[in-house]
Amino acid sequence: MLTTEQIASRPDPSTAPTEAVDGLRILPAGDRFVLLELGRRMELALNLRAIQLADRLLEPGEPGLIETLPMFVSVLVHYDSLALPPGRLEGLVRAAWRELTSAEDVTLPSRLIELPVFYLDPWTRDCVAEYSRNIRPIEDDPAYVARVNGLAGPEAFVRLHSATQHWVGGVGFYPGLPDMLPLDPRCQFSVPKYNPPRLWTTARAVGVGGGFTSIYPMNTPGGYHLIGRTPVPIYSLDTRLEAFRHQATLFRPGDRIKFRPIDRAEYDWIEREVDAGTYRYLIWDYDLFSLSRYRAWAASLGAPTGPAS
Amino acid sequence: MSNRACVLQPGLQTTVQDYPGRVGFWRVGIPPSGPMDSLAFRLANLLVGNPPGAAALEMQFTGPTLRFEAAATVALTGGDCGATLAGAAVPHWRSLDVAAGQELRCPALRAGARAYLAIRGGIEKAAVLGSRATFPRGGVGGEALAAGASLGWPDTDPPRHGWRVAPGRIPHYAGEIDVAITDGPHVDWLDETGRATFLGAAWKVSGQSDRTGVRLIGPKLSFSRQAIDKPPEHGVDPSNVINTGYPIGGINLCGDTPIILPFDGPSQGGFITPYVVASAAMWKVGQARPGQILRFTRVPVDAAIELRRALEVRASALSLQRVADGAVE
């Protein structure tokens, strides 16, 4: 049974130093999968490479190559070994990797998505209060998150959290769940996860754990601290909504998310639009993300670049 | 009159599945679902003349009671659930004719964890993301059957009578289960002792097992240097790794507990995968009951591919014979 330990163990990248991109390891993962490990340090460069490699492998429409799943520093490849022998797959992977790593910069198409969030909302406050009553007494999550990050209070954390774009490094675990890192080095934070995890979480809650932000696509157990709630689904089978006409999940690895703080009145208004099937997500799909330009910009801030660099 | 069966009792968790399920959404965390035992599932469909992957029922430990409002040809496979039709015992692994008005009861599995019921024509259900499989945990493709639900199936040509699975091809689910595995991406995160312990142990299936994970109870494993002395972003526990995609059938090590991740499992996470169940052995995992013992045999990837080739033959019409004919094996 999938349990709460799975959530509690999600790693904490906040102390990660950086290192150069190193070699590709093709690791066995049964007779239908291989895992491509691009490195063992958490770094944005490796995540960009993982997303590129995952996409590139699908491009030729190779028979027997079923799907690829990029995560922070790895790509899982799902293939039909009766149609595509492992030796041939390895050759395809090596060729794609050589081609990608020969480019000087790492660039990737990256959508910008604006997501309305009711920070410090009443529903996630209730969820935290219930945990505090039934599991273990804790202070309210936004107050705790602000305190451990040396901020004046919840409102200061909301300003920090909504001032940066968040990079979607991977999607999954639960359908459509994004793992996001803040791109602006001035907006990084770090917070321990729940111990023990919550047994349930408000659907569409925005949570922070380690240096990550995530959104709960549905009511599930959870280990992140809850700071707000979005009125819009990130996973839906309602094809009336334009964003879900062709896929059931909103986010893709390589997306950038900007959270827009909203109040209760706007939350209710957007929720009605979602219920009516008329809500239009704000998605801009014309940017190329450049690692070298990002690094130059981050360096120009004069602050330590931290884990996201 | 429409082809309809009423669900009088739903059973513990009875779901509509198809095979191979909802493939192609692993990247965004939507699992394939589909039958936990694809061998018994495909044979049930073939017995009634359906394509092997057609929508059929999976029942777990306790099956449903159905009242057929129209005549149908059906087949039960998988664990023996002590089924009765209009009060009389009926066999598994062969096609059965059901008359309108008859009740089919599937009270409790005596061996194995799951049984399958195929209806000629295939169960009617709207496809979600290209599949009729049910992922109850994520609400994709609906939920498990509830009392009062009804099942429909299309009109078909007259049924083919009297097919059965050749007796030598019927799997046995009782006793210790030998499961072929291959190395996983993190096999070297266990030390030599840890690997020997894993491969030598009798692993007991935990009662906390379901379609999202089969938990195993057994000895504590020991780790190699790279599990202990690793960059901090991997997490604190030796079994933690930077979040990575999980292969289906992966044996995930969650602290000290191995969890086999089947067809409704999580797509990614922060635990190591030292071994992966051969795809041809997943049906055995799907039939493992709480308390039953699993033993693992490590095979090379090439051998696992050959096992799969052999399973494809076993899960085909080549395993069927007419009831009147003699046994093939």
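Numbers given to residues run from 1 along each chain, matching the order in which its sequence is written. Both sets of labels track the order of writing: A upward for chains, 1 upward for ligands. With the structure being a predicted model, the display of local features is reserved for residues of pLDDT at least 70 and the display and counting of side-chain atom pairs for 80 or more, all residues being used for whole-chain, interface and lining totals.

### Examining the overall build of chain A
Helix and strand counts for chain A stand at eight helices and twelve strands. In terms of overall dimensions, chain A is globule-like: its C-alpha atoms have a radius of gyration of 20 Å, near the 19 Å expected for 309 residues. Across the 309 residues in chain A, those meeting the buried criterion constitute 50%. Sequence-distant contacts in chain A: of pairs separated by 6 or more residues, those separated by 24 or more amount to 64%. Secondary structure elements follow DSSP: runs of H or I no shorter than four residues count as helices, runs of E no shorter than two count as strands, and numbering proceeds from the N terminus. Here the globule rule is a power law, 2.2 Å times the number of residues to the power 0.38, and the radius of gyration is based on C-alpha atoms. With C-beta atoms placed from the backbone, a residue is labelled by how many other C-beta atoms lie within 10 Å of its own: buried for 20 or more, exposed for 12 or fewer, partly exposed between the two. Remark: residues whose backbone-derived C-beta atoms lie within 7 Å of one another are considered to be in contact.

### Brief notes about the overall build of chain B
Each helix and strand counted, chain B has five helices and 21 strands in total. Against the globule reference of 20 Å for 329 residues, chain B gives a C-alpha radius of gyration of 21 Å, in line with a compact fold. When each of the 329 residues of chain B is scored for burial, the buried share is 56%. Long-range pairs, those at least 24 residues apart, make up 77% of the contacts in chain B with a sequence separation of at least 6.

### Concerning the sheet that holds strand 10 (residues 114-119) of chain B
Residue and element names in this part refer to chain B. Criterion used throughout: strands pair if DSSP finds at least two bridges between them. The strand order across the open sheet formed by five strands is 2-3-10-5-8, and the pairing between neighbours is antiparallel. Each edge of the open sheet is held by one strand with a lone partner, namely strand 2 (15-17) and strand 8 (95-98). Pairs of neighbouring strands in the sheet enclose a mean axial angle of 30°, with direction left out of account. The pairing of strand 3 (residues 56-60) with strand 10 spans four bridges and is classified as antiparallel. Bridge assignment links Met 59 to a residue of strand 10, and that residue is Ala 115. Angles run from 0 to 180 degrees between N-to-C directions of axes, and those axes are lines fitted to C-alpha atoms, restricted for helices to the stretch in contact.

### A short note on the interface of chain B and chain A
Listed by partner, the interface residues are 53 residues for chain B and 48 residues for chain A. Breaking the side of chain B that touches chain A down by element, the ones donating at least two residues are strand 13 (177-183), strand 16 (240-245), strand 17 (250-254), strand 19 (268-277) and helix 5 (301-314) of chain B. The dominant element in the side of chain B that touches chain A, judged by the number of residues it contributes, is strand 19 of chain B, at six residues. Classification used: nonpolar for Ala, Val, Leu, Ile, Met, Phe, Trp, Tyr, Cys and Pro, charged for Asp, Glu, Lys and Arg, polar for all others including Gly. Broken down by class, the residue content of the side of chain B that touches chain A amounts to 20 nonpolar, 25 polar and eight charged.

### So, helix 6 (residues 154-162) of chain A
Residues and elements named next belong to chain A. Residues Pro 154, Phe 157, Val 158 and His 161 constitute the buried set of helix 6. Seen along its axis, helix 6 keeps its buried residues to an arc of 105°; they face one direction. On its buried side, helix 6 packs onto strand 5 (107-119), helix 5 (141-148), strand 10 (225-229) and strand 11 (256-261). The arc in question is formed by the directions pointing from the helix axis toward the C-beta atoms.

### Side note on the pairing of strand 8 (residues 205-209) of chain A
Residue and element names in this part refer to chain A. Most of strand 8 is tucked away: five of the five residues are buried. Residues Ala 205, Gly 207 and Gly 209 of strand 8 are buried on one face, and the alternating residues Val 206 and Val 208, pointing to the opposite face, are buried as well. The sheet contact formed by strand 8 and strand 10 spans four bridges and is antiparallel. Looking across to strand 10, one finds that Gly 207 is bridged to Leu 226. The hairpin formed by strand 8 and strand 9 (residues 212-215) contains two residues between the paired strands, and Gly 210 there has a positive phi angle of roughly 60°.

### Points about helix 2 (residues 44-58) of chain A
Residue and element names in this part refer to chain A. By this rule, a helix spans an expected 1.5 Å times one less than how many residues it contains. If you check helix 2, its first and last C-alpha atoms are 22 Å apart, about what 15 residues at 1.5 Å a residue would give, namely 21 Å. Burial within helix 2 is extensive, with twelve of its 15 residues counted as buried. Every buried residue of helix 2 is listed here: Leu 44, Ala 45, Leu 46, Asn 47, Leu 48, Arg 49, Ala 50, Ile 51, Gln 52, Leu 53, Ala 54 and Leu 57.

### Things to note about the domain arrangement of chain B
Interfaces are often sized by the amount of accessible area the parts lose when they come together. Residues and elements named next belong to chain B. For every domain, the bounds stem from an assignment made automatically or drawn from a database. With domains assigned, chain B is organised as domain 1 (4-170 + 318-322) and domain 2 (177-298). With centres defined by C-alpha atoms, the gap from domain 1 to domain 2 works out at 30 Å. Each partner contributes residues to the interface: domain 1 has 18 residues there, and domain 2 has twelve residues. Ranked by the residues each element gives to the side of domain 1 that touches domain 2, the list is headed by helix 1 (residues 38-47), at three residues.

### What about the nonpolar core?
Joining buried Ala, Val, Leu, Ile, Met, Phe, Trp, Tyr and Cys residues through C-beta atoms within 7 Å gives a set, and that set is a nonpolar core. By size, the foremost hydrophobic cluster in this structure holds 165 residues, and its most contacted members are Ala 44, Leu 47, Ala 56, Tyr 116, Ala 118 and Val 277 of chain B. Here this core gets nine residues from one element, more than from any other, and that element is helix 2 of chain A. Beyond its immediate sequence surroundings of up to four residues, Ala 44 of chain B is in contact with Ala 56, Ala 75, Leu 76, Thr 77, Tyr 116, Leu 117 and Ala 118 of chain B.

### Some points on the sheet that holds strand 6 (residues 84-85) of chain B
Residues and elements named next belong to chain B. Here we have six strands laid out as an open sheet, ordered 7-6-9-4-1-11, and antiparallel in their pairing. Single-partner strands in this sheet number two, and they are strand 7 (88-89) and strand 11 (150-152). Sheet topology note: the strand 6/strand 7 ladder contains two bridges and is antiparallel. Bridging across to strand 7, Thr 84 finds its partner in Ala 89.

### Comments concerning the domain arrangement of chain A
All names here are of chain A. According to the domain assignment, chain A consists of domain 1 (25-103) and domain 2 (110-308). Between the C-alpha centres of domain 1 and domain 2 the distance comes to 28 Å. Those elements that provide at least two residues to the side of domain 1 that touches domain 2 are helix 2 and strand 3 (65-70). With five residues, the top contributor of residues to the side of domain 1 that touches domain 2 is helix 2. Its residues assigned to classes, the side of domain 1 that touches domain 2 shows nine nonpolar, one polar and no charged.

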